[in-house]
There are 2 protein chains.
Amino acid sequence: MATIYDVSQLAGVSLATVSRVMNKNTNVSDKTRQRVLDAMEKLGYRPNTFAQSLASNCSNSVGVLVSQLDGPYYGPMMAEIESSLRLENKHVIIAVGHSDAAQEKDSVEFLLDRGCDALILDVEAVSDEYLINLSKGPTPIVLINRYIEQISERCIYLENEVGGYMATKHLIMQGHRHIAYISGPAKKHDAIERLVGHKRALSEANIEFTSALCFEGDYSEESGATGMTYLLQQRSKKPFTAVVCANDQMVSGAISVCLESGMRIPHDLSFVGYDNIPFARYISPKLTTVNNPIHEMGKMAALWLLKNLYNKNIDVNNVFMPELVIRESSIPV
Amino acid sequence: MATIYDVSQLAGVSLATVSRVMNKNTNVSDKTRQRVLDAMEKLGYRPNTFAQSLASNCSNSVGVLVSQLDGPYYGPMMAEIESSLRLENKHVIIAVGHSDAAQEKDSVEFLLDRGCDALILDVEAVSDEYLINLSKGPTPIVLINRYIEQISERCIYLENEVGGYMATKHLIMQGHRHIAYISGPAKKHDAIERLVGHKRALSEANIEFTSALCFEGDYSEESGATGMTYLLQQRSKKPFTAVVCANDQMVSGAISVCLESGMRIPHDLSFVGYDNIPFARYISPKLTTVNNPIHEMGKMAALWLLKNLYNKNIDVNNVFMPELVIRESSIPV
DNA sequence: ACACAAAATGAAAGCGATTACATTATGAAA
DNA sequence: TTTCATAATGTAATCGCTTTCATTTTGTGT
């Protein structure tokens, strides 16, 4: 592998000059620059990124920490982050936190050790305090899917409460008065917010929140199924005509339970989901759901970094609004 | 940030000794080792990975190139790769090839420039020759989802032909004689193989392959829908009682078209998919499909590297067998 | 032709580790 | 006690680049 030294020899210039042409430094005459470029070409020279990083203290890499890699959720986000960053020749190092505080911290350490110039974090278990503290360190961070007031300008997030409100409001406008809810895990911020939105819509319509009709799932299909089984048992005592689930995966689990027990959806029961995962429109019935522009948020996080870290001139906006996507799983009573 | 030098000063030893204790080199007395460890602890020392990589010419990173990041397919694979590697303190750098030869090559270059110790490649556009050539280079590669005879020991793949055979065979055993097929893109190896398996099952049962009943999709839900629309038009001339799709996404697109036009599935038409993506069991009807252990293949690729590159003692096997998962979308005629 | 500011180039000191080689300490055998 | 192999430690070169500062070249105005 040719080194910068080889290039400098062949071009008949000094190391510094070669370095200058690599780094687009202007103080090089056109003639010299061309000689260097030719030499590089001829030698098939590729700079050694480790040496560059060591000397410049900049790695051109950003660490991305997500809570999971499988599931329909993170793929699009990662895809956007990767492509946005790649365009600028930055690369992404991924780590997974599994929604566990210890693992999340561990992963942060790991990425930091790896010399990332910045971190994009989608973490849920770790405390606000930890993140605030981390943000004071030398490595910039951006948070996806989380709002912390003290570092709000570093937070890219969805108005989950509004989305929760929309979902339930939609059902209420369709005439539903008895609405069950399958929630995400109470330890996750977004799950809490979505539920809060649900309650707001309810109280706005003077409907009392019935905790017997609220089941705490964990965002998985299985828990959606479990929750639905539970709700179906409640139904004799506490009838309901619609259920909103805190994400699409749980809806699909819930619907499959209903279908198995011979119910007809949406005729017997309306459903509204959340996230608008790609499959939502291919599930039958097609899911009415709240759109979560997760890929755009991923992109925005990448742009934020490009702007703040690598000084690109870019507009970023931090907060995203959910949108109701009305399809076929919800009908008027 | 403390450096190795600071540690050596505090511990009262030389740089070399500190380096030795970091690298678990045994030639250090317990007493000294402890002094060094204490010093590290006290200083909160973290080795600089760039310096390490530069000096040792080993980055402890592996590049993973997938064709896409979104979709239900790659998440589980990435997840397994990441966790397996992470356990050994290796990290993964991801890149996306978008099934395009130029982009794939570009990404390979990119990962190589980044000093990856090895590459895990899931590429489809690039030629066998290119890969064979690449495998002769200094950086080891493993191929997922692709078989190339000359470098077969580096290939982790699924017997796609067998899976294609299984899917159709299953329908034939259910009494179906007229079977339509929605294929993946003809330029992708796995799509071709699956189709070959389909044809083998057909000919084994003395059923002629009807090209009018074969539609080439691109693995997306949309193309499944398009394909189904086409097939439905053919149906008056060329009746069929079942359709097999080369992946689950296309099935779901296809089924949704049928449902929209008022058909009842599986009563009016049986379906078999391929891949067994997580959602397959939550779609209604639950999909009969061919299991594709993509996450295991990801894990195996990681293990292969650990074994061959970092000298871990691990058993790896290269070829995976598909398995038929019979659910509800296919019923006897 | 001369002076001088600006532009172009070079020399050399890091960056923070690894590692070959040299040196010293240790302890068992004679 | 002496001798030596072996274990423990240290010295210093090296990895390939960036960057500061010094030096040389260039070009302009006179």
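Each value, and the rule that gives it
Throughout this document, residue positions are counted from 1 along each chain, in the order its sequence is written. Chain letters start at A and ligand numbers start at 1, both assigned in the order the entries are written. Since the coordinates come from a predicted model, pLDDT governs what is reported: local features require at least 70, and pairs of side-chain atoms require 80 or more to be given and counted, while whole-chain, interface and lining totals use all residues. With hydrogens and water stripped out, all remaining heavy atoms of the structure feed into the side-chain values. Residues are classed as near a molecule or strand on a simple rule: at least one heavy atom within 4 Å of it. Here a polar contact means two N or O atoms within 3.5 Å. Within protein one must be a hydrogen donor candidate and the other an acceptor candidate, and residues neighboring in sequence count only if both atoms are side-chain atoms. In this description a helix means any DSSP run of H or I spanning at least four residues, a strand means any run of E spanning at least two, and both kinds are numbered starting from the N terminus. In this classification, the charged set is Asp, Glu, Lys and Arg, the nonpolar set is Ala, Val, Leu, Ile, Met, Phe, Trp, Tyr, Cys and Pro, and all remaining amino acids, among them Gly, are polar. Axis definition: a line fitted to C-alpha atoms, limited for helices to the stretch in contact. Angles are taken between N-to-C directions and run from 0 to 180 degrees. Throughout this description, any angle smaller than 35 degrees is read as roughly parallel, any larger than 145 degrees as roughly antiparallel, any in the 65 to 115 degree range as roughly perpendicular, and the remainder as oblique. A clockwise turn of the near helix away from the far one marks a right-handed crossing, whereas an anticlockwise turn of less than a right angle marks a left-handed crossing. Should any heavy atoms of two residues lie within 4.5 Å, those residues are considered in contact. Every definition here rests on a 1 Å grid over the protein atoms only: cavities are sets of points where a 1.4 Å probe fits but cannot get out, pockets are open sets enclosed by protein on both sides within 12 Å along at least five of seven lines, and lining residues have some atom within 4 Å of a point. Grid points are joined across faces, edges and corners, and a volume is the space filled by probe spheres set on the points. The copies are overlaid by a least-squares fit using only the C-alpha atoms of residues whose pLDDT is at least 70 in both copies. Between any two strands, at least two bridges found by DSSP are needed for them to pair. Summed over both partners, the accessible area (1.4 Å probe) lost when two parts come together is defined as the buried area. One speaks of a salt bridge when a side-chain nitrogen belonging to Lys or Arg is within 4 Å of a carboxyl oxygen belonging to Asp or Glu. Only protein chains enter the accessibility calculation, which uses a 1.4 Å probe. A residue is then buried if its area is under 20% of the maximum for its type, exposed if over 50%, and partly exposed in between. In this scheme, a helix's expected span is set at 1.5 Å multiplied by one less than its residue total.

Novice: Would you explain the protein's contact with DNA strand C in this entry?
Specialist: In the region of DNA strand C, 28 residues are neighbours, and A:S14, A:R20, A:T32, B:I4 and B:S19 sit closest. Restricting the count to atoms of DNA strand C within 4 Å of the protein gives a sugar and phosphate share of 64%. Taking A:T17, its side chain carries an N or O atom lying 2.9 Å from a phosphate oxygen of DNA strand C. Note that a phosphate oxygen of DNA strand C is positioned 2.9 Å from one of the backbone N or O atoms of A:S29. Elements with a contribution of two residues or more to the surface near DNA strand C: α2 (15-22) and α4 (49-56) of chain A together with α2 (15-22) and α4 (49-56) of chain B. Residues that form the surface near DNA strand C fall into these classes: 13 nonpolar, 13 polar and two charged.

Novice: What is the right way to look at the packing of helix α8 (residues 160-173) of chain A against helix α9 (residues 189-204) of chain A in this model?
Specialist: The axes of two packed helices give the description: the angle between them and the distance between them. Residue and element names in this part refer to chain A. Here α8 crosses α9 at 40°, and the two axes come no closer than 6 Å. For the element pair α8 / α9, the angle class is oblique. Judged by the sense of rotation from one axis to the other, the crossing of α8 with α9 is right-handed. Two secondary-structure elements touch here, α8 through N160, E161, V162, G164, Y165, T168, K169 and I172 and α9 through D190, E193, R194, V196, G197, H198, R200, A201, L202 and E204.

Novice: Looking at this structure, I do not really get empty space enclosed by the protein. What am I missing?
Specialist: Rolling a probe over the atoms, with the probe sized like a water molecule, indicates the empty space that remains. Inspection of every chain in the model, using the stated rule, returns two cavities of 30 Å³ or more. In this structure, the largest cavity occupies an estimated 80 Å³ of space. In the lining of the largest cavity, the residues fall into eight nonpolar, two polar and no charged. Taken together, A:Q68, A:L69, A:D70, A:V96, A:H98, B:A79, B:E82 and B:S83 form the lining of the second largest cavity. The greatest single-element share of the lining of the second largest cavity, amounting to three residues, is contributed by helix α5 (residues 74-87) of chain B. When the residues that make up the lining of the second largest cavity are grouped by side-chain class, the tally is three nonpolar, three polar and two charged.

Novice: How should the relation of the copies chain B and chain A be read in this particular structure?
Specialist: If you rotate chain B by 180° and push it 0.0 Å along the axis, it lands on chain A with an RMSD of 0.1 Å. Given the turn and translation reported, the copies of this chain are related as if by a two-fold rotation axis. Both copies contact each other with a shared surface, as 100% of the interface residues of chain B are interface residues in chain A too.

Novice: Could you clarify how one ought to interpret the sheet that holds strand β8 (residues 242-245) of chain B in this entry?
Specialist: Each strand in a sheet pairs with its neighbour through backbone hydrogen bonds, running either in the same direction (parallel) or in the opposite one (antiparallel). Residues and elements named next belong to chain B. Taken together, four strands build an open sheet; the order of strands is β7-β6-β8-β9 and the sheet is parallel. Because the sheet does not close on itself, it has two edges, and the strands there are β7 (214-216) and β9 (270-272). Here the average twist between neighbouring strands, direction ignored, is 15°. Here three bridges tie β8 to β9, and the two strands are oriented parallel to one another. Residue pairing in the sheet places A242 in a bridge with S270 of β9.

Novice: I would appreciate a short explanation of the interface of chain B and chain A in the present structure.
Specialist: Much of the literature gives interface size as the accessible area that the parts lose upon coming together. With 47 residues of chain B in contact, the opposing surface of chain A contributes 47 residues. When chain B packs against chain A, the two sides together hide about 4,300 Å² of surface, and 60% of this comes from carbon and sulfur. Per-residue buried area on chain B facing chain A is highest for B:F50, B:F279 and B:Y282; these three make up 18% of the total on that side. In this structure, the connection of chain B to chain A is made through ten salt bridges. Taking the shortest distance from any N to any O, the salt bridge between B:R86 and A:D106 comes out at 3.5 Å. Considering only residue class, the side of chain B that touches chain A consists of 18 nonpolar, 15 polar and 14 charged. Alignment of strand β2 (residues 91-96) of chain A against strand β2 (residues 91-96) of chain B, held across three bridges, turns out to be antiparallel. Note on β2(B): the bridge partner recorded for A:I94 is B:V92.

Novice: What am I meant to see in the pairing of strand β6 (residues 179-183) of chain A here?
Specialist: Successive residues of a regular strand alternate their side chains across the two faces of the sheet. Residues and elements named next belong to chain A. Summarising burial for β6: five of the five residues are buried, a large majority. Here β6 shows two buried faces, one formed by I179, Y181 and S183 and the other by A180 and I182. In the sheet, β6 pairs with strand β8 (residues 242-245) via four bridges, with the strands oriented parallel. Note that in β8 the partner of Y181 across the bridge is V244.

Novice: Where do I start with helix α6 (residues 101-113) of chain B in this structure?
Specialist: Think of an α-helix as 3.6 residues a turn; residues three or four steps apart then line up on the same face. Taking 1.5 Å as the rise per residue, α6(B) with 13 residues should run 18 Å; its terminal C-alpha atoms sit 18 Å apart, in good agreement. Next to the buried residues of α6(B) lie α5 (74-87) and β2 of chain A together with β1 (61-66), β2, β3 (118-121) and α7 (128-136) of chain B. If you check the start of α6(B), you find a side-chain oxygen 3.1 Å away from the backbone N of B:A102, and it comes from B:D100. Directly beyond the C-terminal end of α6(B), a positive phi value near 75° is found at B:G115.

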